[in-house]
Amino acid sequence: MSETKRPALSRDTLIEAALRLLDQVGLDGLTVRRLATELDVRSPALYWHIRTKQELLDGMADAIILAAGMGPPRAGETWQSWLTRRAHAYRASLLAHRDGARLVANAASLSPATIRLFDEELTALVDCGFSPALALHTIGGCTSYINGFVLREQAERQESAGDPSQRLAAVAALLDAGMDATLLRALREGSSPLGEEAFDHGLRALIDGTTAALQRSKP
């Protein structure tokens, strides 16, 4: 009776399996040994395809970034619309995996393919009138904003996973105390530092600030 064949190991299959495992155990629980167990192989077999755990983490981060879609604006798309679309897609890709923002923020290197796509994006902004430095600052600043925003979102998820009512109880206690603070007035209005509305506000501020910087840079 023939044995069931396991899928052949490759760098891509390792990264795909590691991302699935990440969703189950989180970044702190992800180890090479645990990944080997998940794939039903011994740990040394993985090192034919990855040299270190950091190389595995970098490959996972690279996959998350590429999943968001990279490249220059579409035909007829303004740089503002492109940057908005890119930002939302990148945030969604980070949120699609447990600890996705932590993983990407701690990446040590990215693949040559990802770097080439990044260079195409910078070139597209230069074609829109940006200097190379302003193009780099724009995409870099937007990326840092999204990473930080999602880091906080995912941290909040983990903190509230055990007891979602804790945060609401704390807010209710402040309200019951009769504190007349601007924060409490904002909370009464349903405002939140996280979520779609807050994310869009910060993104608009970045784009508006970049538009002003681009205008100042022109003769």
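Calculation notes
Residues numbered from 1 in each chain as written. Predicted model: local features only at pLDDT ≥ 70, side-chain atom pairs only at ≥ 80, totals over all residues. Heavy atoms only, no water. Helix = DSSP H or I, 4+ residues; strand = E, 2+ residues; numbered from the N terminus. Buried < 20%, exposed > 50% of the residue type's maximum accessible area, 1.4 Å probe, protein only. Contact = heavy atoms within 4.5 Å. Areas by Shrake-Rupley, 256 points an atom, 1.4 Å probe, with all protein chains shown as cover. Axes fitted to C-alpha atoms, helices over the stretch in contact; angles between N-to-C directions. Left-handed = near helix turned anticlockwise from the far one by under 90°. Nonpolar A, V, L, I, M, F, W, Y, C, P; charged D, E, K, R; others polar. Core = buried A, V, L, I, M, F, W, Y, C linked by side-chain atoms within 4.5 Å. Parallel < 35°, antiparallel > 145°, perpendicular 65-115°, else oblique.

(A) Geometry of the overall build of the protein chain. The helix and strand inventory of the protein chain stands at 11 helices and zero strands. Of the regular secondary structure in the protein chain, the N- to C-terminal order runs α-α-α-α-α-α-α-α-α-α-α. For the protein chain, buried positions account for 35% of its 219 residues. Residue pairs at least 24 apart in sequence account for 74% of intrachain contacts in the protein chain once pairs closer than 6 positions are excluded. Of the roughly 13200 Å² of accessible surface on the protein chain, a fraction of 55% belongs to carbon and sulfur atoms.

(B) Structural detail: the packing of helix 5 (residues 79-95) against helix 11 (residues 196-217). For the pair helix 5 and helix 11, interaxial distance at closest approach is 11 Å and the crossing angle is 145°. Crossing handedness for the pair helix 5 and helix 11: right-handed. Contacts between helix 5 and helix 11 involve W79, Q80, L83, T84, A87, H88 and R91 on the former and, on the latter, E196, F199, D200, L203, I207, T210, T211 and L214. Looking at the contact of helix 5 with helix 11, its residues break down into seven nonpolar, five polar and three charged.

(C) Expanded view of the nonpolar core. L35, L46, M60, L94, L103 and I146 are the most contacted members of the largest nonpolar core, which has 51 residues in total. For this core, the secondary structure elements donating two or more residues are helix 1 (11-29), helix 2 (32-39), helix 4 (53-67), helix 5, helix 6 (100-105), helix 7 (112-127), helix 8 (132-161) and helix 11. With nine residues, the top contributor of residues to this core is helix 1. Residues within four places of L94 in sequence aside, it is in contact with I64, G100, A101, V104, I146, N147, V150 and Q154.

(D) Structural context of the packing of helix 1 against helix 4. Between helix 1 and helix 4, the shortest axis-to-axis distance is 9 Å and the interhelical angle comes to 90°. Judged by the angle between their axes, helix 1 and helix 4 are roughly perpendicular. Residue-level contacts link R11, L14, I15, A18, L19, L22 and L27 of helix 1 to E55, L56, L57, G59, M60, A63 and I64 of helix 4. Residue classes in the contact of helix 1 with helix 4 are distributed as 11 nonpolar, one polar and two charged.

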